[in-house]
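Residue-level listing of the chains:
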Amino acid sequence: MNGTYAHAPGFIAGDRPKIVTSRFEYEDSYTLRRFLATDGYQGLRAALGRAANEVHDEVKSATVLGRGGAGFPAGTKWGLTPQGVYPRYLVVNGDESEPGTYKDRLLMERDPHQLIEGCLIACYAAGLSQCFLYIRGEMALAQERVAAALNDAYAAGYVGKNILGSNFSVDIVLHWGAGAYVVGEETALIESLEGNRGMPRLKPPYFPAAIGLYGQPTIVNNVETLANLPWLMLNGAEAYTAIGTKTSPGTRMVAVSGHVKRPGVYEIINGITTFRDLLYKEEFCGGIRNGNQLKAFVPGGGSAPWFTEDQLDIPFEGPQAGAAGSMLGSGAVMVMDETTDIPAAALTLTRFYAHESCGKCTPCREGGTWLERILSRVVDGKGTMADLDQLIEVGTSICPGDFPHASNAKLGISAVPFPYKMNTICFVGPSAYAPVNSALVLFREEFEAKIVKRNTIPVTAVGAAS
Amino acid sequence: MSRFTEDNARLAKEIIGRYPRPRSAMIPLLHLAQQQSGYVTNDAMVHIGELVGATSAEVYGTASFYEMFKFEPVGKYLVNICGTMSCALMGSEELMHHAEHKLGVKVGGTTSDGMFTLEHAECQAACTEAPCLQVNYRYRFRVTPESFDSLIDDLSAGRLTAEIPDHGTVAKVLQHIPADRGVGAVPPESVTEAPAWLNGKAAL
């Protein structure tokens, strides 16, 4: 199966192992009937047949990396809850809004029961007594599919009291978001779930596993992370780690958008598939559109520093991407070909983060807006050379020190590894600067061209008039 | 006017009952208010405050943080054109210009007949299908000027009412937890012990 499915726009299947997208080929993949006919809720049954701590150990030994952006292993995260403190909650982060990213939306729309099953396994293993499934407000279809799936699952005895006749009882509450990118940050998500403005909480504590929802231990997991658990329970950690590499086992979903021949969401092999495979191989994107040249690409969502062809052979492995000056983030690759106006492209991302700043930290609230305004005037041909220095100065006030960037053989620069230092509580502020910094480091001449052109016009006009 | 109707007040109480603390229902109730009136009215915020134990100022404080809540009437159809990177790379700026021309309003404006409000949206999580837009949060992918025109014509002629509800209704299917199946929410302070299944034995 290499095809695309009309009922799953954007998703492109392939002859690769599938852990989370195995049901996408079915038009009725979101129904309880199809789910039960394809091993549905069997992972839950397997989990409930074992002691909770054994299930937790299985997830730990599989090293299921968080798929939301930070790549923190789920089993380890669950283990950070303080001993003997109850109740503990599970909050599912379905507020997917990182530019370039979409996989959680497909998982919620196409296979909501798989997610529900994953939530139940997590609750069982970590002793979480209630689950809140926070879905981004703008995803109407995902909300409807998950609501319908929950209604069916409750009626059939898979969710709620005495699940499958056992002493395991847990409610899953579908919660609506209402449009705020920053709520994807886990402490902001918790604030929002408590009925407040979605502003990230001051750290420490660094993990809501210690102090989270209502001050209780709370696990926040990404949709795709949880969607891995049913397969893992059915097939075991050994089978899971047989796919991918030791440090990045399993698969991951990646959305590739922009100037490629076949943009799409692919389930790829973690740690092994390289950016070159993904962008150029026929089974994936099949190369740059119109036979054009690759100019740059964003490897891990709008917040990630940019790569160019020099980094194409890096596989999807966090530490390697980090050493090269960026991150894999949320599994979103945005590709720019030779026709791209780089400063204008950077502006679309900086504008996003400036707009989405919650306003809590001054460097982000003020700095993001400054970056957007200065960059706008450069893009509009009204900038000066001093503006370019000003961009870096503002960026440095958000993230002190050298900001991570990729190496570039042609420019003779070497990489500054990830991560950055930051003067803000969360990653929104630094993310406003990431595209500006990458664009300036790798394509400074494009900014200068916009400025020089502007400067020459009035000079010529004045000369001609005299 | 515009406090919750009797049916919605009942639904509001059901929603509140799912959370360990009532205030957590704030955003779902704001959606319910918007569904009832097309936007969030002051009276609805007062009512929500009464229901969840917050002042109306606190309700407004939360509501105004979130993009989806509107505090004055908008068009029957809210047209959100994505302008973030992947869509921008695939021509969303031209699409926005075209939309402004077709609808005869600038971005942010509402047509004089109250049918359409045009907005610039940030990433809608459909980046491979760029440029994309949402009408009342229902997707349209790889939108061209031609397909935009026919979308607007279809909406104007009422041909898409089955698929796209009026502004305010996000999900047409809502969660309902049957009384005999739900565990029920309790305030966190009333739980002190580990859940029953954490006793080292298999649950099944």
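Residues numbered from 1 in each chain as written. Chains lettered and ligands numbered in written order. Predicted model: local features only at pLDDT ≥ 70, side-chain atom pairs only at ≥ 80, totals over all residues. Heavy atoms only, no water.

(A) Here's a closer look at the sheet that holds strand S4 (residues 138-140) of chain B. All names here are of chain B. Taken together, four strands build an open sheet; the order of strands is S2-S1-S3-S4 and the sheet is mixed. Sheet topology places strand S2 (116-121) and S4 at the edges, where each strand pairs with a single neighbour. Here the average twist between neighbouring strands, direction ignored, is 25 degrees. As defined by bridge partners, strand S3 (residues 133-135) adjoins S4 across three bridges and the pair is classed as antiparallel. (Pairing = 2+ DSSP bridges. Helix = DSSP H or I, 4+ residues; strand = E, 2+ residues; numbered from the N terminus. Axes fitted to C-alpha atoms, helices over the stretch in contact; angles between N-to-C directions.)

(B) Quick look at the pattern of salt bridges. Scanning all chains against the criterion turns up 36 salt bridges over all chains. Across the pair Glu366(A) and Arg365(A) runs a salt bridge whose closest N-O atoms are separated by 3.1 Å. Take Arg365(A): its relative accessible area is 33%, and that puts it in the partly exposed class. The residue Arg10(B) makes a salt bridge to Asp7(B) at a minimum N-O spacing of 3.2 Å. Of this pair, Arg10(B) and Asp7(B) are both found in helix H1 (residues 6-16), three residues apart, which corresponds to roughly one turn of the helix. (Salt bridge = Lys/Arg side-chain N within 4 Å of Asp/Glu carboxyl O. Buried < 20%, exposed > 50% of the residue type's maximum accessible area, 1.4 Å probe, protein only.)

(C) Just a nonpolar patch on the surface, in detail. On the surface, Phe72(A), Leu80(A), Tyr206(A) and Phe207(A) cluster together to form a nonpolar patch covering roughly 360 Å² of accessible area. You can call Leu80(A) partly exposed: its relative accessible area is 35%. (Patch = residues over 30% accessible without salt bridge, like charges linked within 9 Å, V, L, I, M, F, W, Y side chains within 5 Å. Areas by Shrake-Rupley, 256 points an atom, 1.4 Å probe, with all protein chains shown as cover.)

(D) Spatial organisation of helix H8 (residues 186-193) of chain A. Of all eight residues that make up H8(A), eight are buried, and the element is covered over most of its length. Where H8(A) is concerned, the buried positions are Glu186(A), Thr187(A), Ala188(A), Leu189(A), Ile190(A), Glu191(A), Ser192(A) and Leu193(A). Against the buried residues of H8(A) lie helix H4 (74-78), strand S1 (89-94), strand S2 (130-135), strand S3 (171-176) and strand S4 (218-222) of chain A together with helix H2 (26-37) of chain B. Downstream of H8(A) by a residue or two, Gly195(A) has a phi angle that is positive, lying close to 90 degrees. (Contact = heavy atoms within 4.5 Å.)

(E) View of the state of the cysteines. According to the stated counting rule, one finds zero disulfides over all chains in the structure shown. Looking at Cys358(A), it has no disulfide partner, and the nearest cysteine sulfur is the one in Cys426(A), 6.3 Å off. Owing to a relative accessible area of 16%, Cys358(A) belongs among the buried residues under this scheme. You can see Cys127(B) has no disulfide; the closest cysteine sulfur is in Cys123(B), sitting 3.6 Å from it. Judged by its relative accessible area of 5%, Cys127(B) falls in the buried class. (Disulfide = S-S within 2.5 Å.)

(F) Structural view of the sheet that holds S4(A). What the four strands build is an open sheet, ordered S3-S2-S1-S4 (chain A); its pairing is parallel. The sheet terminates laterally at S3 and S4 of chain A, the two strands that pair on one side only. Averaged over all pairs of adjacent strands, the angle between strand axes in this sheet comes to 20 degrees, irrespective of strand direction. Two strands pair when backbone bridges link them, and S1(A) and S2(A) are joined in this way by six bridges, in the parallel orientation. Residue pairing in the sheet places Tyr89(A) in a bridge with Gln130(A) of S2(A). Contacts from H2(B) reach S2 and S3 of chain A, with the element oriented near 55 degrees to S3(A).

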